[in-house]
Amino acid sequence: MRISAVFQPLYLLATLATLPASALEIKTLFQVDTGIELENIAVRWNGKILATGVSQPLLFQFDPTSDQSVPTSVTIPGATSLFGITEFSPDVFAVVAGNWTRGATLVPGTFSTWSVNFRSKEPVVSKIVDFPQAAFLNGMTAIPRGRKNATLLITDTGIGKIYHVDPTTSNFTTVLAPAAGANTTANPAEPQAGINGIRYNALSKTLYYTNTIKTVFCKVELSITPSKDGHPSVTAAGPYTVVASGFPGDDFAIQPDGTAYIGANPVNTLYKVTPGGNVTAVAGGRNETAVAGATSAAFGRTKADRTVLYVSTNGLPPMVANATSHGGKVVAVELSEPVLGCEA
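Residues numbered from 1 in each chain as written. Predicted model: local features only at pLDDT ≥ 70, side-chain atom pairs only at ≥ 80, totals over all residues. Heavy atoms only, no water.

Colleague: Got a sec to walk through the pairing of strand S10 (residues 137–144)? Specific residues and values, please.
Modeller: Burial of S10 is extensive: 7 of the 8 residues sit out of reach of the surface. Relative to strand S11 (residues 150–156), S10 runs antiparallel, the two being bridged by 6 bridges. Residue pairing in the sheet places Pro144 in a bridge with Ala150 of S11. Hairpin connection, S10 to S11: the antiparallel pair is bridged by 5 residues, and Gly146 has positive phi, about 85°. (Buried < 20%, exposed > 50% of the residue type's maximum accessible area, 1.4 Å probe, protein only. Helix = DSSP H or I, 4+ residues; strand = E, 2+ residues; numbered from the N terminus. Pairing = 2+ DSSP bridges.)

Colleague: Break down the side chain of Thr313 for me, citing the residues and quoting the values.
Modeller: Within the fold, Thr313 resides in strand S24 (residues 308–313). Discounting chain neighbours no more than four positions away, the residues touching Thr313 are Glu37, Leu38, Val291, Ala292, Gly293, Ala294, Thr295, Gly328 and Lys329. (Contact = heavy atoms within 4.5 Å.)

Colleague: Now, about the sheet that holds strand S22 (residues 279–284): what can you tell me, with residues and values included?
Modeller: Spatially, S19-S20-S21-S22 is the arrangement adopted by the 4 strands of the open sheet, whose pairing is antiparallel. Each having just a single partner strand, strand S19 (252–254) and S22 make up the two edges of the open sheet. The average undirected angle you get between the axes of adjacent strands in this sheet is 20°. Of the pairings in the sheet, the one linking S19 to strand S20 (residues 260–264) comprises 3 bridges and is antiparallel in character. Opposite Ile254, over in S20, you have Ala260 as the bridge partner. (Axes fitted to C-alpha atoms, helices over the stretch in contact; angles between N-to-C directions.)

Colleague: Just give me the short version of the packing of aromatic side chains, but keep the residues and values in it.
Modeller: Scanning the entire structure with this criterion turns up 13 aromatic pairs. Ring centres 6.2 Å apart and planes at 35° place the aromatic pair Trp100 and Phe136 in the tilted group. Here Trp100, found in the loop between strand S7 (92–98) and strand S8 (111–117), pairs with Phe136, found in the loop between strand S9 (124–131) and S10; they are 36 residues apart in sequence, far enough to count as distant. For Trp100, a relative accessible area of 11% corresponds to the buried category. Aromatic pair Phe131 and Phe172: ring centres 4.4 Å apart, planes at 35°, arrangement tilted. (Phe/Tyr/Trp six-rings, centres within 6.5 Å; stacked < 30°, edge-to-face > 60°.)

Colleague: So, the pattern of salt bridges: which residues are in play, and what are the values?
Modeller: Close approach of charged atoms lets side chains of opposite charge pair. If you walk through the whole model with that rule in mind, you get 5 salt bridges. Among the salt bridges present, the one from Glu87 reaches Arg301, with a minimum N-O distance of 2.8 Å. Highlighted residues: Glu87 in strand S6 (residues 81–89) and Arg301 in the loop between strand S23 (294–299) and S24, separated in sequence by 214 residues. Using a relative accessible area of 38% as the deciding quantity, one classes Arg301 as partly exposed. A salt bridge links Lys127 to Asp130, with the shortest nitrogen-to-oxygen separation between them at 2.9 Å. Overall, the relative accessible area of 38% leaves Asp130 in the partly exposed class. (Salt bridge = Lys/Arg side-chain N within 4 Å of Asp/Glu carboxyl O.)

Colleague: Help me get a handle on the sheet that holds strand S4 (residues 58–62), residues and values and all.
Modeller: Within the open sheet, the 4 strands sit side by side as S2-S3-S4-S5. Their pairing is antiparallel. This sheet does not close on itself; its edge strands, each paired only once, are strand S2 (37–43) and strand S5 (72–75). Taking each pair of neighbouring strands and ignoring which way they run, the sheet shows an average axis angle of 25°. Judged from the 4 bridges that link them, strand S3 (residues 49–54) and S4 form a sheet pairing that is antiparallel. Of the residues in S4, the one forming a bridge with Ala51 is Phe60.

Here you go:
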């Protein structure tokens, strides 16, 4: 989610300007209509790309293997925009929906999560649960629990909390309120972007997240305890640690070793962050358009795209306040070696 340039400290912009982007091959796969932003992205088992729309409650689907492919879409009812997306059962995805559009006042209490099942000939849409207490649901990730099933962690950008949702029972609890997630300057009606993107690394049992306004990328090891009702207990098993700082990260993709590719839409850049905290700009730049408004990233899942990172963008012109999206797009970034993502 893009934040206004007025919140970007001058020292931050100066630092970012000194990080040159690597020369990677970048290809635009598809672009949606003017006025529609793309906020988050996932990849199905068959390689088809899913992307959530802002200003229209549309979940787009596109086949990158076909030159004749055109995006199709599924509508989520009762909302104006879609945000986080993650797969919680084979070919079944959870999507965050709510009422917010660019330039309009956010409507707290309108957020919900939905299931979109792609196992049938046509996608089947159903509501999981409403969140009347949420200020701004945003990023989402899955925690595997066996039986080809998972529970969900969802960030509330407006108040700096993380919810734990069981998509099979619709039960949820507030499980984490990380110190680097709390956003004390936010007005619930007009929140600055606080805790934002979120990904769980099942291999290391580590939760990673960004805080856009605080310009930090953080991690915390989790303790996950099964329960008789099927809703695991999730608690922090260690300290909340800042992996890297100095850039306004949004959503991201994470490798098993903890290497992250993070979209930083306020500065139109895709960053690579190593487990040791080294930050490299791998695509785009503050005044460039290659990944202008980069909002999220997901790794390819087939043999054909195992070296590809897919990046969603909001389509907003670089460094222009109060602009209208030219139409969000999905671009393919060719990496130098195969990667295996923790989740699509």
